[in-house]
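Okay, here's what each chain looks like letter by letter:
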Amino acid sequence: SQTASQASTVPPTARLEASCMPRKAGVSSVPTPCLPVADPGSADAALTAADLVWAGASAAYPLCRPPGHHATRDRFGGYCYLNHAALVAQRLAAHGPVAIVDVDYHHGNGTQQIFYRHGDVLFVSLHAEPEWEYPLFWGRADETGGGDGLGTTLNLPLPTVIVQKGGYALRALGDLAMRFLRPFS
């Protein structure tokens, strides 16, 4: 395990390439053909934040654009070329279970696809109705994981009016997501 100061001396592209190596057979969180057009600086920021937290920082917030949650193992989408959440989760999963809580108007289809069959990464998503919003038909409540990952995906699709106006229903769903996370910790 690297300390935060050691991590910052590794060139961004080297850290990115190391993080893209499959952790398990058939798993790669980065679509290789997209590497030349992706910004390694954003990926490096995300990985540095992970290293800082692992080294003992109470929190770290990388500013990565685009967020990356639409990038799957083998495709980019929604202007996302690298899935920063997946890079960080893959890095941290080497040390134990990881939870990703994705709160965005659009479902994080890429993150879900990458970890759908992996029992070591929990994916919770609060997002707009998948029948009406991008990415269409991803993020239904009945998508709960598969294989070793069965039960590690929790999708909480919200009616568009709730997402746009917020309110008590959104807070209640956030509380539900936190209850779902407790047994995974």
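Here's what I pulled together on the structure shown here. This structure is a prediction, so every number in the text was calculated from the model and none was measured.

## Concerning the overall build of the protein chain
Next, step 1: For the protein chain, the count of helices and strands is seven helices and three strands.
Next, step 2: The helix and strand sequence of the protein chain, counted from the amino end, reads α-α-α-α-β-α-β-β-α-α.
Next, step 3: Among the 185 residues that make up the protein chain, the fraction classed as buried is 41%.
Next, step 4: Intrachain contacts of the protein chain at a sequence separation of at least 6 include 67% that bridge at least 24 residues.

## Quick look at the pattern of salt bridges
Pairing between side chains becomes possible if they bear opposite charge and their charged atoms approach one another.
Next, step 1: The full count for this structure, using the stated rule, is two salt bridges.
Next, step 2: One salt bridge connects D51 with R91, and the closest N-O pair in it is separated by 2.7 Å. Here D51 is found in helix α3 (residues 40-54), whereas its partner R91 is found in helix α4 (residues 84-93), with 40 residues between them in sequence.

## As for the nonpolar core
Next, step 1: Among the nonpolar cores identified, the biggest contains nine residues, and these are A86, A89, A93, V98, I100, I114, F115, V121 and F123.
Next, step 2: A per-element tally of this core places α4 first, with three residues.

## Looking at the sheet that holds strand β1 (residues 98-103)
Next, step 1: In spatial order, the strands read β1-β2-β3; together these three strands make up an open sheet with parallel pairing. The open sheet is flanked by β1 and β3 (153-158), the only strands paired with a single partner. Across the sheet, the mean angle separating the axes of adjacent strands is 5 degrees when strand polarity is ignored.
Next, step 2: Sheet analysis places β1 next to strand β2 (residues 121-128), joined by six bridges and oriented parallel.

## Observations concerning the layout of surface pockets
Next, step 1: As a volume, the largest pocket reaches approximately 910 Å³.
Next, step 2: Residue assignment for the lining of the largest pocket shows that the elements contributing at least two residues are α3, α4 and β1.
Next, step 3: Broken down by element, the residue count for the lining of the largest pocket peaks at six residues, all from β1.
Next, step 4: Here the lining of the largest pocket is built from residues that sort into 21 nonpolar, five polar and three charged.

## Some thoughts on the pairing of β2
Next, step 1: By the criterion of burial, β2 is predominantly enclosed, with eight of the eight residues buried.
Next, step 2: Following the chain from β1 across helix α5 (residues 109-115) to the adjacent parallel β2, one finds a crossover that is right-handed.
Next, step 3: In terms of strand pairing, β2 meets β3 through six bridges, oriented parallel. Residue pairing across strands places H127 opposite P157, the latter belonging to β3.

## Describing the side chain of E143
Next, step 1: Residue placement: E143 occurs in the loop between β2 and β3.
Next, step 2: In this structure the side chain of E143 is engaged in a polar contact, spanning 2.9 Å, whose partner is the backbone nitrogen of G139.
Next, step 3: With sequence-adjacent residues up to four places away left out, E143 is seen in contact with Q112, Y116, F137, W138, T153 and N155.

## What to know about α3
Next, step 1: If you check α3, its first and last C-alpha atoms are 21 Å apart, about what 15 residues at 1.5 Å a residue would give, namely 21 Å.
Next, step 2: Where α3 ends, the next residue or the one after it, G56, has phi of about 125 degrees, a positive value.

## Structural notes on the packing of α3 against α4
Next, step 1: Remark: α3 packs on α4, axes separated minimally by 9 Å, with the N-to-C direction vectors making an angle of 35 degrees. For the pair α3 and α4, the sense of crossing is right-handed. Touching S42, A43, A46, L47, A50, D51 and W54 of α3 are H84, L87, V88, R91 and L92, all from α4.
Next, step 2: A breakdown of the residues in the contact of α3 with α4 according to their chemical character gives eight nonpolar, two polar and two charged.

The rules behind these values
- Residues numbered from 1 in each chain as written.
- Predicted model: local features only at pLDDT ≥ 70, side-chain atom pairs only at ≥ 80, totals over all residues.
- Heavy atoms only, no water.
- Helix = DSSP H or I, 4+ residues; strand = E, 2+ residues; numbered from the N terminus.
- Buried < 20%, exposed > 50% of the residue type's maximum accessible area, 1.4 Å probe, protein only.
- Contact = heavy atoms within 4.5 Å.
- Salt bridge = Lys/Arg side-chain N within 4 Å of Asp/Glu carboxyl O.
- Core = buried A, V, L, I, M, F, W, Y, C linked by side-chain atoms within 4.5 Å.
- Pairing = 2+ DSSP bridges.
- Axes fitted to C-alpha atoms, helices over the stretch in contact; angles between N-to-C directions.
- 1 Å grid on protein atoms, 1.4 Å probe; cavity = no way out; pocket = protein on both sides within 12 Å on 5 of 7 lines; lining within 4 Å.
- Points joined across faces, edges and corners; volume = space filled by probe spheres on them.
- Nonpolar A, V, L, I, M, F, W, Y, C, P; charged D, E, K, R; others polar.
- Right-handed = clockwise from strand over helix to strand, strands pointing away.
- Polar contact = N/O pair within 3.5 Å; in protein donor to acceptor, adjacent residues only side chain to side chain.
- Expected span 1.5 Å × (residues − 1).
- Left-handed = near helix turned anticlockwise from the far one by under 90°.

All we've got here are geometric facts, nothing functional implied.
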